[in-house]
Structures are given as C-alpha cells and as structure tokens.
Amino acid sequence: MKALLVLFLTLVSVSVTRSQTFHWGSCPDPPVQKDFNLQKYLGRWYEIEKLPASFEKGICIQANYSLRADGKVKVLNEELIDGKINSIEGSAVVKDANEPAKLGVSFFFFQPYSPYWVLSTDYDNIALVYSCSGVKSLFHFDLAWILARSRTLPAETIAAAKAHFTSHNIDISKMTATVQEGCTNKS
C-alpha cells in the first residue's frame, strides 16, 4: 500500500509541476478583499503576470466577467495563439455569502468548482487573484494572477502586487509576465 501511495504521489507531483506551481504542505490561507463587490468586479480584466498554468499557452490573455440570468457569473477567457483567438466559457459562483471574494470557477459541467479568491482589488485598475488546491496537508498546487483593466501596469504597481502575494506566504518566484503586445485581433 505504501508503495502505491509513493508511486501515486510521484506521478501526481510530476504532472502537477509541469502545469502549475507545486509545493509540499498545505495551501496558504491569505485574507481576501474585504467588502468585495461582485458588481464592481464584473467586466474585462487583462492578465499582466501569472504563475504557470497549463491551460494558458497564448498571449493577450484576458477574462470577461458578466452576470448570468441564473445569478452565476459568466467567465469568458480568451487568448491569442498563432494569430487566432482561443476562448473558453465557464461559470463562477460565490461559495459563501459571508466571504463573497472567495468564488469558485468551473469550465466544464463535470468539473468541481476550483478556488478563485480575489485577494485585493480597487475595481478600476488592478486585481490580485489566487487559487490553491491541495491533497490533505501533503502537497498543493497554486495559481496566482495580477490582472488589470488595461494591458499594462506601471512597474511599481506590479512590484507592490507581488509584495502583497509574498507577504501572505504565496511563493511567486515562478511568476512570469504575460505578453500583451500585438493584440490587434482582440479587443
């Protein structure tokens, strides 16, 4: 049984490290945006920097959030790959009305909702988003994004955003900038 567990953990860690950022131990538990206002958060956000994500391979990455008739949030993610727009639509829900900045997001009907926590936002310029999934307290993989309402942010704003993640024990050492140039085929 122990051999199977070690093999399983090895396979999971190899596949996860290729797609997201892998860490031993449990997920950090950073505070989220106080008094989060979902209505003000809706609209278009451009990805400025991110931790590696296997499902994002292009440039000009952006997300558009809008309210659906059923009360869920429509999530439309788009990227430019080889000059063509690649998009995927999903939904997000507020998991607990007492913590509206902790949303769950899913892109397939059979997929459980993954964490989508808005750690900080001013709604008009920048948002810091974090997601972490773990297996008990053994290991976790996480994602983090610096989003903006425009395709660029000043360097000092990005540095402050990274400091925010780091101050809450989120390892962003593998964070990379998203190319937001040459996006003429996208809005």
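Preceding this section is the structure that the text describes.
Chemist: Just checking my understanding: could you explain the overall build of the protein for this structure?
Modeler: Helices and strands together make up the secondary structure of the protein, namely three helices and ten strands. Ordered by position from the N terminus, the helices and strands of the protein form the series α-β-α-β-β-β-β-β-β-β-β-α-β. Per-residue burial for the protein yields a buried fraction of 44% across its 187 residues. For the protein, the proportion of contacts with a sequence separation of at least 24, taken over those separated by at least 6, is 56%. Of the roughly 10,400 Å² of accessible surface on the protein, a fraction of 58% belongs to carbon and sulfur atoms.

Chemist: Quick question: what am I supposed to make of the pairing of strand 3 (residues 59-67) here?
Modeler: Both faces of the sheet carry side chains from a regular strand, because those side chains alternate between them. Relative to strand 3, strand 2 (residues 43-50) is paired through four bridges, and the arrangement is antiparallel. Its bridge partner being in strand 3, Gly43 is matched across the sheet by Tyr65. Both strand 3 and strand 4 (residues 73-81) contribute to a ladder of seven bridges, which runs antiparallel. Considered in strand 4, the bridge of Leu67 is made with Val73. Hairpin connection from strand 3 to strand 4: five residues lie between these consecutive antiparallel strands, with Gly71 at a positive phi of about 90 degrees.

Chemist: Would you mind going over the state of the cysteines with me for this structure?
Modeler: Per the counting criterion, the structure on display carries two disulfides. Each disulfide pairs two cysteine sulfurs, and for Cys60 the partner residue is Cys183, the sulfurs being separated by 2.0 Å. Taking the torsion about the S-S bond as the criterion, the Cys60 to Cys183 disulfide, at about -90 degrees, is left-handed. Of this pair, Cys60 sits in strand 3 while Cys183 sits in the segment after strand 10 (176-177), and the two are 123 residues apart along the sequence. The pair formed by Cys60 and Cys183 is uniform in burial state, with each residue classed as buried.

Chemist: Help me understand helix 3 (residues 155-167) in this model?
Modeler: Along an α-helix, a turn takes 3.6 residues, which lines up residues three or four apart on a common side. Compared with the 18 Å implied by 1.5 Å per residue over 13 residues, the 18 Å span of helix 3 between its first and last C-alpha is a close match. All of the buried residues along helix 3 are Ile158, Ala161 and Phe165. Projected down its long axis, helix 3 shows its buried positions confined to an angular sector of 60 degrees, all on one face. Downstream of helix 3 by one or two residues, Asn169 has phi in the positive range, about 65 degrees.

Chemist: What exactly am I supposed to notice about the pattern of salt bridges here?
Modeler: Should their charged atoms come close, side chains of opposite charge can pair. For the structure on display, the rule yields six salt bridges. The partner of Lys162 in a salt bridge is Glu49, and the shortest N-O contact between them spans 2.9 Å. Pair noted here: Lys162 is in helix 3 and Glu49 is in strand 2, with a separation of 113 residues, a long-range link. For Glu49, a relative accessible area of 9% translates into the label buried. Its salt-bridge partner being Lys102, residue Glu99 comes within 3.4 Å of it at the nearest N-O pair. Ionic contacts of the salt-bridge type, sharing partners, join the residues Glu47, Lys50 and Glu56 into one network.

Chemist: What's the story with unusual backbone geometry in this structure? I'm lost.
Modeler: Excluding glycine, most residues fall at negative phi; most peptide bonds, likewise, are trans. Phi is positive for Cys60, which is not a glycine, with a value near 55 degrees. One non-glycine residue, Asp82, lies in positive phi territory at about 50 degrees. Its location among the elements puts Asp82 in the loop between strand 4 and strand 5 (84-94). Using a relative accessible area of 77% as the deciding quantity, one classes Asp82 as exposed.

Rules and cut-offs
Residues numbered from 1 in each chain as written. Predicted model: local features only at pLDDT ≥ 70, side-chain atom pairs only at ≥ 80, totals over all residues. Heavy atoms only, no water. Helix = DSSP H or I, 4+ residues; strand = E, 2+ residues; numbered from the N terminus. Buried < 20%, exposed > 50% of the residue type's maximum accessible area, 1.4 Å probe, protein only. Contact = heavy atoms within 4.5 Å. Areas by Shrake-Rupley, 256 points an atom, 1.4 Å probe, with all protein chains shown as cover. Pairing = 2+ DSSP bridges. Disulfide = S-S within 2.5 Å. Expected span 1.5 Å × (residues − 1). Arc of directions from axis to C-beta. Salt bridge = Lys/Arg side-chain N within 4 Å of Asp/Glu carboxyl O.

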